[in-house]
Amino acid sequence: MDLDFTPAERDFRAEARAWLRENVPPRPLPSMDTPAGFEAHRAWERRLAAARLSAVSWPEEYGGRGASLVEWLIFEEEYWAAGAPGRVSQNGVFLLAPTLFAFGTPDQRARLLPRMAAADDIWAQAWSEPEAGSDLAALRSRAVRAEGGWRLYGHKTWSSRAAYADWAFGLFRTDPAAPRHRGLTYLMFPLTGADGVTVRPIAQLGGGHGFAEILLDGLYVPDDLVLGAPGDGWRIAMATTSSERGLTLRSPGRFLATADRLVRLARHTGADPALADEVARAWLDAEAYRLHTFATARRIAAGEEIGPAASMGKVFWSELDVRMHRLAQRLLGERGLLSGAAPDAADGGRWLDGFLFSLAGPIYAGTNEIQRTIIAERVLGLPR
Amino acid sequence: MDLDFTPAERDFRAEARAWLRENVPPRPLPSMDTPAGFEAHRAWERRLAAARLSAVSWPEEYGGRGASLVEWLIFEEEYWAAGAPGRVSQNGVFLLAPTLFAFGTPDQRARLLPRMAAADDIWAQAWSEPEAGSDLAALRSRAVRAEGGWRLYGHKTWSSRAAYADWAFGLFRTDPAAPRHRGLTYLMFPLTGADGVTVRPIAQLGGGHGFAEILLDGLYVPDDLVLGAPGDGWRIAMATTSSERGLTLRSPGRFLATADRLVRLARHTGADPALADEVARAWLDAEAYRLHTFATARRIAAGEEIGPAASMGKVFWSELDVRMHRLAQRLLGERGLLSGAAPDAADGGRWLDGFLFSLAGPIYAGTNEIQRTIIAERVLGLPR
Amino acid sequence: MDFALTDDQLALAATVREVLRAHCPPEEVRHGRDRRPAWARLAGVGLFAALVPEEHGGLGLRLADTVPALEETGRAAMPGPVAETVAAAPALLAGEPDSLGGLASGKLPVSVRLGEQVYIPDADLAELLVVESGGRAYALPAGTGLTHQPGVDPVRRLFSLAPSALDAARPLPGGDPRLALRRVTVATAAQLVGAARHLLDTTVAYAGTRRQFGAPIGSFQAVKHRLADVAIAVEFAAPLVYRAALSVDAARPTADRDVSAAKAAAGEAAEQAARTALQVHGAIGYTDELDLRLWLARVWSLAAAYGGTAPHRARLRESILSDPGRWP
Amino acid sequence: MDFALTDDQLALAATVREVLRAHCPPEEVRHGRDRRPAWARLAGVGLFAALVPEEHGGLGLRLADTVPALEETGRAAMPGPVAETVAAAPALLAGEPDSLGGLASGKLPVSVRLGEQVYIPDADLAELLVVESGGRAYALPAGTGLTHQPGVDPVRRLFSLAPSALDAARPLPGGDPRLALRRVTVATAAQLVGAARHLLDTTVAYAGTRRQFGAPIGSFQAVKHRLADVAIAVEFAAPLVYRAALSVDAARPTADRDVSAAKAAAGEAAEQAARTALQVHGAIGYTDELDLRLWLARVWSLAAAYGGTAPHRARLRESILSDPGRWP
């Protein structure tokens, strides 16, 4: 037990910090939810990949550097503190990749991961359907057996990044007779250059197309794009969504960086003491989330399963993120509602973008209502 | 529409204020949850009654002065602003009496109301049972038909004031074969001087006996103590509990007085700005509750039914009351936790007593969880 | 004491609501071929004449009389400088009989910059701008020296004004910028209450039909209780807004405090309604598929206008802790 | 960086927990024939020796090593000046070898008045009082000049001290009141976390069995979500307490800030747990029938001790806004 990082960890932090200082674009990239912004973010990911920093915790053979969980957390702290761009590769690197490591074949890993790390393939998730938001078991999209593979039919929606991504992954019903949670298969499929797939971007609050609908009408997918066994998709997806809720998606670095920006903003605007009180509280909550995450990382490294306790983190960080951005709005007044296109925009519109983005946190990856029920039933043991 | 009170209302306010200034005991009475304190409160009620101020809104023939709802609200504001004692007669005057006016016989009103107004009879409520707290339909206590009346059997609990009161009212199952909500009868019964009734005070947080258990083992009650028709108790009780939630029990006066005391405390202790912000907010919420109540009084006077919207008031005032007392604790620090018996007690221990009492607000008269469900289903129309 | 709405007030509000329902539906707010929908028709029912004195063709009503009608303009997310024209302009143009006539007829939409306000809302939809400088009011023709500052609300646009634009400004000797600011702040609070009511109604309707886990989501206790809390917040914000209007009309000593209370409470209730609406709708609430986002943006925009919650709360804190006099 | 509990820390906590379960059950806390239950047995497992240097018969551990064990004393609502004796006394009596030996053996229960503290807790259960005056520590024999100030907590009693009692006080030259205050504040925060965990567990158990409307109340979403929120609050308060202990042990520049963060967060989480426990239990939670009220009173009592939430928050606000340096 120690307050300090190891010398190796400190060296890694110093290296990451130095590289980021040299390489982070001095001005924010255009939004990744526009065509040009998406390609600018892909170019940034390629630069990260060239420095072996796009997926630091992966084994070297796939483009990573075999960093420990703690080193990964350190990298994330430095990454966000440096004001580096949002990760357009996130769905692939942090959601699909852990699933591939756990359930994929060696061939799938060798084919898919290096291209993912290099940002040659950018992945979208395709979980939701119009009638199945948080209730994944209500999925209706189908995969029908075909020669050496499957044909996909159905309608996915709220697919983040799908407007411009290369690939997507999701669940499809392969056995219509099986009960809700059974008979689902985890499939990966191309979004471009194939027949039977149409992507329709969804315009959203604040502009841009962070989400898309995917219409599937017979898209052919060979067997080697099935992840795990057919019919086993539910179990595999649950493993992914639990990593989505858990450590991998929401490292503390992003919230620490926001909290630091918020404190600077409060100092700069000469905050009202009542607001300053809430700013200090938010800053400390980000700190608490960080400490908690380090403790969790340690337990994971020691072989423990985190399981449903990850839901506590999901609720905590997502509500903290909303709170911090709301505080920024209060500190900024009307200026805080100006977009990046406004001459007077605060911080290039980042506070507004972040506010709108933060509001999605309590919704996606299982709404916070669902998370609280999970905590009550599966952590505390209350009756269903 | 006017900002001002009518001359008659202003006169009434002036009269009440003058009388209270002359008559309110200079030091707080001992707690009404002790034998001596109960009798001191009864003596105070008698003094109020002698000035026809114990039940101002009742007709004169029963001991009131036929005041309007608005005048009653004015009286309450003056009463609490003057620091007058809590109303030991509350269960009778504000809960049973409205039910007697609505459902009682002329004979019952003539016999019971004047003694109630005069504090010769002090009433306890007997709603809850060990297995039926908020869920009144689960009541098990029985009334069995006997010559010219009924014999009561069962176990009531959380009967407020029952430790020292003279009479109680509650629901009893008279038709065991009827479904949950049916077959209940509204009965009034003596707590002292009769066979078959035992009262056991319940010791509570903060000392005193605000509640008691009532054990009934064949207590005889004549037919003229049945309120309304046998078997009609549920409907009648719902009318009472809705007045409990509504206007009659929780006039704004008490919360206004607390809010004013809280502001004085904050000025006196030189509140931290973050606390001052919350104090100001609470003060305004008391003001909002007051304005809302005046508007409601006007609607009632115009013959409107308030119905389930009363639940909004219940949630609002009960959570405001907790919030105000919690703020007082924060302003006072450790001193705020001293009881009236401590030499250093703040305001004679009133802030502590009020804090403990406030915590019951979100529980009694239908928990706030139940109120929110009522609001959602019966005001907003969400599906059951 | 009689703290309830009169039949006249309710009748004006009901008329405004009907007009808006027919002529300012969400499609109109959203696509806005006519960028000031329903404006002429509301002039026809006297909305813009309400605070104009009778001798200048107005109705000579008080601000309090218009509160329920202004709530309706918020409920409809009606485009254009409505609060400014209805509530602020008559006080600013009090010395200009011709302008008052234009106001009353609905032909002179006005926007304003008063007090510590930085941006002029809806300057693109106004014919006249009135700007406060050094405690006095000045009139500017619309269109000069304005820079659009795009933001979260695509309909209620904000503009900055070049300082040099004031050189061409004409003083308005009879104008009362302080009264105008009080009134427009209360009017904005009333619109926030209306917008919150719309969000609540819409979300209740959605929760009653959207199904997840085999039941309408509105049957889940978590959703019910959250919506009940919104209903409570709106229910207890509304009387503060009405009271502020009465205080401003009577120039009570507590008027500034009451205005701040109204704006802070209405802004918080509406923000709570917006947050809950989005959470209950889920991801679809974000998108162009529904009109929800128009109301979300409007709530954020109005909550920040004429002093956001934070400065009003700070004023309240000082005022109440130094002198918590109750009214009346 | 390795921010997790060691086997030694967990072993001490597990032992303390077992001893308390056997020798300090709720009946004992409540009726208290032995007003310091389990005291001698906890001395036997080294709790009171933890922070005493090895050369004086102690274990020479750091505060952080005792945090999990102190949580257990809070979970049991253990009577007596535990936080004071374990955490504060070794720093105050550092120059008194004999007293240190007494401390380590558990024979010298100590209570304190440090910093801005007004009342001495558990002075009736202490053998020695240490009082700070002008930045220095003084020892007083227990019992002189004390006035009981009855309050919400019938077990953890508060006492005021007559100013004249200081005349008979003996200076403690080697004592460090500042370190003692930091430590006892963290220890109290750890007890609050433990008390909150107990309240959560008890309430979950009650909600699983108590039936209303035909189902266990713990099956209602409103109850579930409220308890989930308590679990989250406790889960994220605990690391701040542990971090504060590490900061105090290492005398980091951020130590005062970290102590305030720990106390404020633990106090708020525990108050939330108390409020929820009472709401879920309903009226029975108020009464003598259950032990719940002992823990409620303890939470309120400890949350106000060594600076309540408000002053710690005010300090945090100043510290973070003037220098938000992260650790490490």
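- As recorded by an unreviewed UniProt entry, chain C carries the name Alkylation response protein AidB-like acyl-CoA dehydrogenase and is attributed to Thermocatellispora tengchongensis.
- Per UniProt, chain C has the following entry under Sequence similarities (unreviewed entry): "Belongs to the acyl-CoA dehydrogenase family."

- Chain A appears in an unreviewed UniProt entry as Alkylation response protein AidB-like acyl-CoA dehydrogenase from Thermocatellispora tengchongensis.
- Looking at chain A in UniProt, the text filed under Sequence similarities (unreviewed entry) is "Belongs to the acyl-CoA dehydrogenase family."
- UniProt's Cofactor (unreviewed entry) comment on chain A is quoted here verbatim: "FAD".

Here we look at the overall build of chain A
- Counting its regular elements, chain A contains eleven helices and eight strands.
- At 21 Å, chain A has a C-alpha radius of gyration in line with the 21 Å of a compact globule built from 384 residues.
- Counting only C-alpha atoms and orienting by the principal axes, one finds that chain A spans roughly 65 × 50 × 50 Å.
- Burial analysis of chain A (384 residues in total) assigns 61% to the buried set.
- Here the contacts in chain A between residues at least 6 apart in sequence split such that 70% fall between residues at least 24 apart.
- For chain A, the accessible area works out to roughly 14200 Å², and carbon and sulfur atoms hold 51% of it.

What about the overall build of chain C?
- For chain C, the helix and strand inventory stands at eleven helices and nine strands.
- Compactness check: chain C gives a C-alpha radius of gyration of 19 Å against a globular reference of 20 Å for 328 residues, within 12% of the reference.
- Across its three principal directions, the C-alpha atoms of chain C cover 65 × 50 × 40 Å.
- In chain C, 69% of the contacts between residues at least 6 apart in sequence involve partners at least 24 apart.
- About 10900 Å² of surface is accessible on chain C, with carbon and sulfur atoms providing 51% of the total.

Topic: the relation of the copies chain C and chain D
- With an axial shift of 0.0 Å and an RMSD of 0.0 Å, the rotation relating chain C to chain D amounts to 180 degrees. Taken together, the rotation angle and the small translation identify this as a two-fold axis.
- Residue by residue, 100% of the interface of chain C is reproduced at the interface of chain D, so both copies engage with the same surface.

Remarks on unusual backbone geometry
- Phi is positive for W158 of chain A, close to 50 degrees, though the residue is something other than glycine.
- Counting through the fold element by element, W158 of chain A comes out in strand β3 (residues 149-160).
- Although it is not a glycine, D347 of chain B adopts a positive phi angle of roughly 50 degrees.
- Take D347 of chain B: it is sitting in the loop between α9 (310-332) and α10 (350-358).
- Note on D347 of chain B: relative accessible area 38%, which makes it partly exposed.

Topic: the interface of chain C and chain D
- Residue-level contacts link four residues of chain C with four residues of chain D.
- Carbon and sulfur atoms supply 52% of the area buried between chain C and chain D, which totals about 310 Å² over both sides.
- Linking chain C with chain D are zero salt bridges.
- Looking at side-chain class alone, the side of chain C that touches chain D contains two nonpolar, two polar and no charged residues.

Considerations on the UniProt feature "domain: Acyl-CoA dehydrogenase/oxidase C-terminal" (unreviewed entry) in chain C
- Using the residue numbers shown here, the UniProt feature "domain: Acyl-CoA dehydrogenase/oxidase C-terminal" (unreviewed entry) corresponds to residues 186-316 of chain C.
- Note that residues 186-316 of chain C is 77% helix and 3% strand, and that its end C-alpha atoms are spaced 15 Å apart.

With respect to the interface of chain A and chain D
- Each side of the interface is counted separately: chain A has 46 residues, and chain D has 48 residues.
- Both faces combined, the contact of chain A with chain D buries some 4300 Å², and carbon together with sulfur accounts for 67% of it.
- On the surface where chain A and chain D come into contact, there are five salt bridges.
- A salt bridge links K224 of chain D to E377 of chain A, with the nearest nitrogen and oxygen atoms 2.5 Å apart.

Things to note about the sheet that holds strand β7 (residues 170-171) of chain C
Residues and elements named next belong to chain C.
- Taken in spatial order, the four strands of this open sheet run β1-β3-β4-β7, and their pairing is mixed. Every interior strand has two partners, whereas the edge strands, β1 (110-113) and β7, have only one.
- Here strand β3 (residues 128-133) runs beside strand β4 (residues 136-141); their pairing, made up of six bridges, is antiparallel. Opposite L129, over in β4, you have L140 as the bridge partner.
- Along the sheet face, helix α5 (residues 82-92) touches β1, β3 and β4 and points at about 70 degrees away from the line of β1.

A few points about the packing of helix α7 (residues 252-269) of chain A against helix α10 (residues 350-360) of chain A
Residues and elements named next belong to chain A.
- Here α7 crosses α10 at 135 degrees, and the two axes come no closer than 13 Å. Here α7 lies oblique to α10, going by the angle between them. Regarding α7 and α10, the two cross each other, and that crossing is left-handed. Mapping the contact onto sequence places R254, T258, R261, L262 and L265 in α7 and R350, W351 and F357 in α10.
- Considered class by class, the residues forming the contact of α7 with α10 number four nonpolar, one polar and three charged.

Section: the sheet that holds strand β6 (residues 158-161) of chain D
All names here are of chain D.
- Strand order across the open sheet formed by three strands is β2-β6-β5, with antiparallel pairing between neighbours. Looking at the sheet topology across the chains shown, the edges are occupied by β2 (120-121) and β5 (146-149).
- In terms of strand pairing, β2 meets β6 through two bridges, oriented antiparallel. The partner of P121 across the bridge, within β6, is L158.

Scoring rules and cut-offs
- Residues numbered from 1 in each chain as written.
- Chains lettered and ligands numbered in written order.
- Predicted model: local features only at pLDDT ≥ 70, side-chain atom pairs only at ≥ 80, totals over all residues.
- Heavy atoms only, no water.
- UniProt positions renumbered as here; feature names shortened; annotations may be inferred.
- Helix = DSSP H or I, 4+ residues; strand = E, 2+ residues; numbered from the N terminus.
- Rg over C-alpha atoms; globule rule 2.2 N^0.38 Å.
- Buried < 20%, exposed > 50% of the residue type's maximum accessible area, 1.4 Å probe, protein only.
- Contact = heavy atoms within 4.5 Å.
- Areas by Shrake-Rupley, 256 points an atom, 1.4 Å probe, with all protein chains shown as cover.
- Least-squares fit on C-alpha atoms with pLDDT ≥ 70 in both.
- Buried area = accessible area lost by both parts, 1.4 Å probe.
- Salt bridge = Lys/Arg side-chain N within 4 Å of Asp/Glu carboxyl O.
- Nonpolar A, V, L, I, M, F, W, Y, C, P; charged D, E, K, R; others polar.
- Pairing = 2+ DSSP bridges.
- Axes fitted to C-alpha atoms, helices over the stretch in contact; angles between N-to-C directions.
- Parallel < 35°, antiparallel > 145°, perpendicular 65-115°, else oblique.
- Left-handed = near helix turned anticlockwise from the far one by under 90°.

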